[in-house]
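# Coordinates in review
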Amino acid sequence: MAYEAVIGLECHIQLATRTKMFCGCPAEFGAAPNSNVCPTCLGLPGALPRTNRAAVDAALRLGLAVGCELRPVSEFARKNYFYPDMPKNYQITQYDRPLCEGGALPVALEGGARRFGLIRIHVEEDTGKSFHPERHGDRPVSRVDFNRAGVPLLELVSRPDFRAPAECAAFLTALRRLVRWLGISDADMEKGHLRCDANVSLRPLGQEAFGTKTEIKNLNSIKGVEKGLHAEIARQRALLESGGRIEQSTLLYDADHDRLAVMRSKEYAHDYRYFPDPDLPLLVVEETWIEDARGALPELPWAREARFATQYGLPGYDAAVLTETRELADYYEDLARGLDGKLASNWVMTEVLRAVKEESLTLAAWSAKVPAGRLRGLLAKVAARELPGPLAKQVFAWMRDEDGTVDELLERHGVRAQGSVAELEPLVVAVIEAHPGPVAQYLAGKTATLGFLVGQVMKRSGGQAVPQVVRELLEAELARRSGS
Amino acid sequence: MSAPEAWRLSATALAARVRGGELAVDDAVEAGWRGPAGTWEAEVRAVVHADPAARAAARPREGPLAGVPVLVKDNICTTDYPTTCASRILAGYRPPYDATVVSRLRAAGAVVVGKGNMDEFAMGSSTEYSCYGPTRNPYDLDRVPGGSSGGPAAAVAYGLCPLALGSDTGGSVRQPAAFCGVLGLKPTYGRFSRYGLVAFGSSLDQVGIFARHTGDLAAAYAALAGPDPLDATTRPGEAPDVSGWRAGVTGLSFGWPANLWREGVDPEVVGGLEEAAARLERSGATRVTFDFLPGEYSVAAYYLVATAEASSNLARFDGVRYGFRHADSADLRALYTRTRSEGFGPEVQRRILLGTYALSAGYYDAYYLTAQRARTRIREEYRAAFARCDFLMMPAAPSLPFRLGEKIEDPLAMYLSDIFTIGANLAGIPGLSVPVGLSRAGLPLAVQMLGPEDGEPVLLRAAAVLEAGGEVARLEGEDTPEFAWPTKR
Amino acid sequence: MAIDRAEVERIAELARLEIAPERMGRMATELSAVLEFVAALGRLDLARLAPSTFAPAGTPLRADELDDRRIPAAEALSAATEHDDGFFLVPPIVENVNP
């Protein structure tokens, strides 16, 4: 029997706020253990929560970006369960009345873009971190650090609209791009900024009713999501095909060994006893706040991607790469002003991205070093055929390490800006005509004689030409002659 | 008055002398300890943490409460004394921060002179459920001081200090104030910050004040009331001005829901109530009689809401970060269950179980939600009443102080001793318990007055009239009537 | 509404409390008595009423700024029975995994 997978995702997005969700402790990553704690996030007796406006604002921005319905009055609730990394043994989250509901995220898939529906997005606090198993003396222990406790999270729950792991991976990629685009999260899955659990069930193709679902936790990379889901779908299919039944359960995905482990169901048969948090009055979001957030929303990545394709005549691939981040898209658009869009795109996608990667720079650092305007000056000369490609690349290399305009760089390196095509071509022709012997040898395949010819042109240029340029011009001219 | 007699002074008179240099701060702060504590404390046991060095650390000479000694209930965080909620689970715990009410007291010049005994986690009405043992009523040592803030109430009654802080979730300030013959104010919900008050029922909890004189209550209220950025449930905007507490009651009307005490209330309590009402009428107030929703509904709603919130609030006591941890905690399950089962007393465990049940799957609607709906109904009842009068009068407790051990075996009987006080917590309105004399057996008699939200000024005006026997003008400085001190027997 | 021993066990488990077997019967009786008492609420006509929310205004919102309420790690740890090297120690958390 053919089966169809039905998958829903639950994503946790750690917000890049300065302080925690309900207290003024730093939300930063990497401090000494238990040093970013206060009475509130440590759950000390008598301490109370106070809501971080920036976290709510981030939720509003994401909600607006994906077209959620925003609740003007939402509610914080307590989710009660015992766990050592939860200081209060309850988590402040939203339950009955979340901030955002509905909406959809557009996702680029091989067959074209699709919109995956969302159920809700809400604000909540993160737990601390526990490290286990470890030892203390001769005893096994777990160690607990509460620095992360209380860091703001958004929980986003999708509709069960995915049918294949690749769709889930594409969804997460799109989500990661969006939250970075909005500046609300670094969304680094390695660092746990973006975490994902998945609900999976199988049903015979054509059947409407859902099968029994399992929940997979610990899907901590986009590749892991895809692999973990494949593994679980295969497991369920094998079980169903052998006449077995799926047990509702929670599984842990072990990416290192590409293995799923079933967690004991009893331990996870929770009764969370949600109820409205009496320490926090209702969260009221006034219309003006929503309008401000809407007004401050940037052009969204999918809209910009589509615009790049039409406005700059770019292939879809280019448009997608250039809108990977907002900084890159901004850089590109700044660069492309007055230039051919594809020329600018080629340079960004090859030279700029390679340089950024080589130097491990953020795009912001790159932009500070080689502002788009400066690079535009170079590309303008390329477009005007004032600089041949190799020289342009040489200038680009100088730009990475030195200040100055294109002309200044050429000057500084003893290369005359005009010592290129227009001026060198007559010299090239003259040298070729003055040395028929070496030319004949070259054309006969003894390419080493090219060095002699380059030397002759260099001499006639008074040493002002760039050897690579001369070489390129000679090759082109010789090729032309051999062809004719 | 000589320094040794300073303990008899009102807080405001004491502070005035400290500010004026007539009384050394040390003599003000230590007055109660050097005086009546020696006579009473060993038997009453109102104080659970005392520390002469901590008392000596601050010597404030300025502020409306300069040098005034204040006993603080053991569930309000203080950096200079342990804060244990009279529970084994917090044995020895010393908070790294002061509750906002404590910071404000200190800023006003007051000195915390120790921590007061209480029912464990404020769950009780007799101060018998304390890991330190019971507090006794100074008016009769065989009787309870009420609870849960029995320690602070008894301390103010016998003269350790003119002011004390308690907490009131279902009557825990007003009922012990009534049993100990002192004033006990529970403010409007959100008027005092709860930051640093160890939570029991968060939507019901308020810090409250014990005092012997209305003027002291007004001074302490002014020092403590007002919004706190650390507590999202404090009311925004300025607290009402209580400086007019001597204005009398002429032109005010009080509600008289006599159906509430037609049965089940001690006749002497009713007698005290009648007498107080008559005094208010003689002073120019008018009585408006009407029926009111019986208190049983409040008790029922309260024991679901308060325990539900408590079951969650008390989850943090798990032996991981602070407090008691059971020595045999080989695995996590044992760490939690052993620590909590040995750390919490039986009444606390009973309430955690009840609250867990009320929130658990399948029962939430029937219990928790129903209780919250009933709470809306009760609020409407009060709102309707305050459309007809400025404040309500009713008993603070249905009985006179009962004997130690009398109700400890019957949780429901204990719960019903809060029948008149619980409504104010459910409705978030202020309540004030005022002593009105002694019973035939020499036990304190008291009445309770309830006001609408932010109705504290009216309640204080009425309290002043009752304190002064109708002659409010007497409540000026030195002429303040002497408190009806308990006598040792 | 009566609570039986099994129900007491279920909620004790949720609350991480251990009720000694000899106390179990009494606890069930006491809780049942309280529940019977609170059943009085059924006599009120509550259908039209919304559950109470206690705070009039919306929750105040805090600017995303660091404050000075942090506790040094050493002090935070000092109240714990067990800590080591900056961490709170607890018995080993076993990810309850079936092999």
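None of these values were measured; they are calculated from a predicted model.

To continue, consider the overall build of chain C. Of the regular secondary structure elements, chain C holds 3 helices and 4 strands. When the elements of chain C are put in sequence order from the N terminus, they spell out α-α-β-α-β-β-β. For chain C, the C-alpha radius of gyration of 23 Å lies well beyond 13 Å, the compact-globule estimate for 99 residues. For chain C, the spread of C-alpha atoms along the principal axes amounts to about 55 × 45 × 35 Å. Here chain C holds 99 residues, and the buried ones make up 45% of them. Within the structure as shown, chain C displays about 5,200 Å² of accessible surface, and the carbon and sulfur contribution to it stands at 53%. Averaging the positions of the 10 positive and the 18 negative side-chain charges in chain C gives two centres separated by 9 Å.

This next bit is on the domain arrangement of chain A. Split by domain assignment, chain A resolves into domain 1 (3–289), domain 2 (299–403) and domain 3 (421–483). Taking only C-alpha atoms into account, the centre of domain 1 of chain A sits 65 Å from that of domain 3 of chain A.

Here we come to the interface of chain B and chain A. Taken together, the contacts link 38 residues of chain B with 31 residues of chain A. Summing both partners gives a buried area of about 2,800 Å² for chain B against chain A, and 59% of it is carried by carbon and sulfur. Three residues stand out in chain B for area buried against chain A, namely S312, R316 and R321 of chain B, and they jointly supply 21% of the buried area on that side. The interface formed by chain B and chain A holds 1 salt bridge in total. Of the charged contacts, one joins D279 of chain A and R194 of chain B as a salt bridge, the two residues approaching to 3.0 Å between their closest N and O atoms. Here chain B is connected to chain A by 18 residue pairs in polar contact (both at pLDDT 80 or more). Counting only elements with at least two residues in the side of chain B that touches chain A, the list comes to α10 (295–313), α11 (332–343) and α12 (346–359) of chain B.

Residue and element names in this part refer to chain A. With respect to the helices and strands, the residue E124 is situated in strand β9 (residues 112–125). Comment: no salt bridge for buried E124; closest opposite-charge side chain is K79, at 6.3 Å. For E124, the side chain forms a polar contact with the side chain of Q91, separated by 3.4 Å. Excluding its chain neighbours within four sequence positions, the residues that come into contact with E124 are H12, M21, Q91, I92, T93, V151, P152, L153 and E155.

Once that is clear, we can look at the sheet that holds strand β2 (residues 83–84) of chain C. Sheet architecture is open: 4 strands sit in the order β10(A)-β11(A)-β3(C)-β2(C), paired in antiparallel fashion. Of all strands in the sheet, those bounded by a partner on one side alone are β10 (129–136) of chain A together with β2 of chain C. Examined bridge by bridge, β10 of chain A and strand β11 (residues 139–145) of chain A share 6 bridges and lie antiparallel to one another. The partner of R135 of chain A across the bridge, within β11 of chain A, is P140 of chain A.

This paragraph deals with the interface of chain C and chain B. Contacts between the two partners involve 52 residues from chain C, matched on the other side by 61 residues from chain B. Between chain C and chain B the total buried area reaches about 5,000 Å² when both faces are included, carbon and sulfur atoms providing 67% of it. The partner of R325 of chain B in a salt bridge is E82 of chain C, and the shortest N-O contact between them spans 3.4 Å. The interface formed by chain C and chain B holds 17 residue pairs in polar contact (both at pLDDT 80 or more) in total. Sorting elements by how many residues they give to the side of chain C that touches chain B places helix α2 (residues 21–38) of chain C first, with 10 residues.

Attention shifts here to the sheet that holds strand β6 (residues 90–94) of chain A. Working definition: the strands of a sheet are paired by backbone hydrogen bonds and lie parallel or antiparallel to each other. Residues and elements named next belong to chain A. The strand order across the open sheet built from 3 strands is β6-β5-β17, with neighbouring strands paired in antiparallel fashion. The open sheet has two free edges, formed respectively by β6 and β17 (275–276), since each of these has just one partner strand. One ladder, built from 5 bridges, connects strand β5 (residues 76–80) with β6; its direction is antiparallel. Looking at the pairing, R78 lines up with I92 of β6.

Definitions and limits used
- Residues numbered from 1 in each chain as written.
- Chains lettered and ligands numbered in written order.
- Predicted model: local features only at pLDDT ≥ 70, side-chain atom pairs only at ≥ 80, totals over all residues.
- Heavy atoms only, no water.
- Helix = DSSP H or I, 4+ residues; strand = E, 2+ residues; numbered from the N terminus.
- Rg over C-alpha atoms; globule rule 2.2 N^0.38 Å.
- Buried < 20%, exposed > 50% of the residue type's maximum accessible area, 1.4 Å probe, protein only.
- Areas by Shrake-Rupley, 256 points an atom, 1.4 Å probe, with all protein chains shown as cover.
- Lys, Arg positive; Asp, Glu negative; His and termini not counted.
- Charge placed at Lys NZ, Arg CZ, Asp CG, Glu CD.
- Domains from an automatic or database assignment.
- Contact = heavy atoms within 4.5 Å.
- Buried area = accessible area lost by both parts, 1.4 Å probe.
- Salt bridge = Lys/Arg side-chain N within 4 Å of Asp/Glu carboxyl O.
- Polar contact = N/O pair within 3.5 Å; in protein donor to acceptor, adjacent residues only side chain to side chain.
- Pairing = 2+ DSSP bridges.

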